[in-house]
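Structural description and commentary
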Amino acid sequence: MRIRIADIKEDGLALDLVEGVANFPVLQELHAKGESVFTQPVSVQLRAVLVSGMVEVTGRVATRVEMACSRCLGPAEVMVDSPFELTYTRELPDVEDEGGEEGVEIAAEDMGLILFAGEEIDLRGVIQEQVILALPFHPLCDPNCRGLCIKCGADLNEKACQCGPQDYNIKFAALKNLKIDD
Ligand SMILES: [Zn+2]
Ligand SMILES: [Zn+2]
């Protein structure tokens, strides 16, 4: 998942890239643990342009992930499709090199810039980061998922359990008025 600087012409460069999750170490780890099972490769559509010596990259990253529903623990399909905007630069303009290499890297980050060297930009790290940021903390199999009964553990999407509404009402009396009935 790379951009060759020489390929960026005056009117920019458009790229369609697809790579399997195995090429992204952190995603691969989530996948192997079963926390986020990638059911599609990671695809990236981007456009790169040269702007006063810097490389501006805009695009979208998309993939499909199966996670556990945060209410019922059943499979929740998550579509990742998020835009990104990155600016790469070989060196920082008008910045004193005071903190050595590390200082320059921190300064670059503060300015929203990513440093690169050589003739290519490797996008793997930032693309991986974009995917992780796009994964929901509370995935849902369905926005209306009823979840599991807190008493007997029954999946309330499948059937009402025998625990009865009284248990439910005592514990959730305060929430009752918020419930949108069907
Ligand atoms: Zn659910
Ligand atoms: Zn129950």
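Our focus in this paragraph is the coordination of the zinc ion (ligand 1). Every protein donor of the zinc ion (ligand 1) is listed here as Cys69 (SG), Cys72 (SG), Cys141 (SG) and Cys145 (SG), and their distances to the metal cover 2.3 Å. What the four donor atoms of the zinc ion (ligand 1) show is an angle range of 105 to 113° at the metal, which sorts the shape as tetrahedral. In primary-sequence terms, the residues that donate to the zinc ion (ligand 1) follow C-x2-C-x68-C-x3-C. Of this pair, Cys69 sits in the loop between β5 (54–68) and β6 (75–89) while Cys145 sits in the loop between α3 (124–134) and α4 (164–176), placing them 76 residues apart in sequence. Judged by its relative accessible area of 1%, Cys69 falls in the buried class.

Around the zinc ion (ligand 2), the protein contributes the donor atoms Cys149 (SG), Cys152 (SG), Cys161 (SG) and Cys163 (SG), at 2.2 to 2.3 Å from the metal centre. Within one chain, the residues serving as donors to the zinc ion (ligand 2) are arranged as C-x2-C-x8-C-x1-C.

Attention now moves to the packing of aromatic side chains. In total, this model carries one aromatic pair according to the counting rule given. Taking 6.3 Å as the distance between ring centres and 80° as the angle between the ring planes, the aromatic pair formed by Tyr88 and Phe116 counts as edge-to-face. Of this pair, Tyr88 sits in strand β6 while Phe116 sits in the loop between β7 (113–115) and β8 (120–122), and the two are 28 residues apart along the sequence. For Phe116, a relative accessible area of 10% translates into the label buried.

Applying the stated criterion across every chain, the model contains seven salt bridges. Where Arg2 meets Asp122, a salt bridge forms, and the shortest distance between an N and an O atom there is 3.7 Å. Linking Arg2 in strand β1 (residues 2–4) with Asp122 in strand β8, this pair joins segments that are 120 residues apart in sequence. Looking at Asp122, the relative accessible area reads 34%, which means it is partly exposed. By sharing partners, the salt bridges in this structure join Arg2, Glu120, Asp122 and Arg124 into a single network.

What counts, and at which threshold
- Within every chain, residues take consecutive numbers counted from 1 along the sequence as written.
- Note on labels: chains are lettered from A, ligands numbered from 1, in written order.
- At least 70 in pLDDT is required for a residue's local features to be given in this predicted model, at least 80 for side-chain atom pairs to be given and counted, and no such filter applies to totals for whole chains, interfaces and linings, which use all residues.
- For the side-chain quantities, the full set of heavy atoms in the structure was used; hydrogens and water were omitted.
- Metal-coordinating donors are taken as N, O and S atoms lying within 2.8 Å of the metal, or within 3.2 Å when the metal is Na, K or Ca; because water is left out, some sites can appear incomplete.
- Only four donors with every angle between 85 and 135 degrees are called tetrahedral; only four or six donors with opposite donors over 155 degrees apart and all others between 65 and 115 are called square planar or octahedral, in that order; all others are irregular.
- A helix here means a DSSP run of H or I that spans at least four residues, while a strand means a run of E at least two residues long, and both kinds are numbered starting from the N terminus.
- Residue burial is assigned from relative accessible area. The probe radius is 1.4 Å, only protein chains are included, and a residue is buried under 20% of its type maximum, exposed over 50%, and partly exposed in between.
- Side-chain rings of Phe, Tyr and Trp, where Trp is taken by its six-membered ring, are said to pair if the distance between their centres is within 6.5 Å; with planes under 30 degrees apart they count as stacked, over 60 as edge-to-face, and otherwise as tilted.
- A pairing counts as a salt bridge when a side-chain nitrogen of Lys or Arg comes within 4 Å of a carboxyl oxygen of Asp or Glu.

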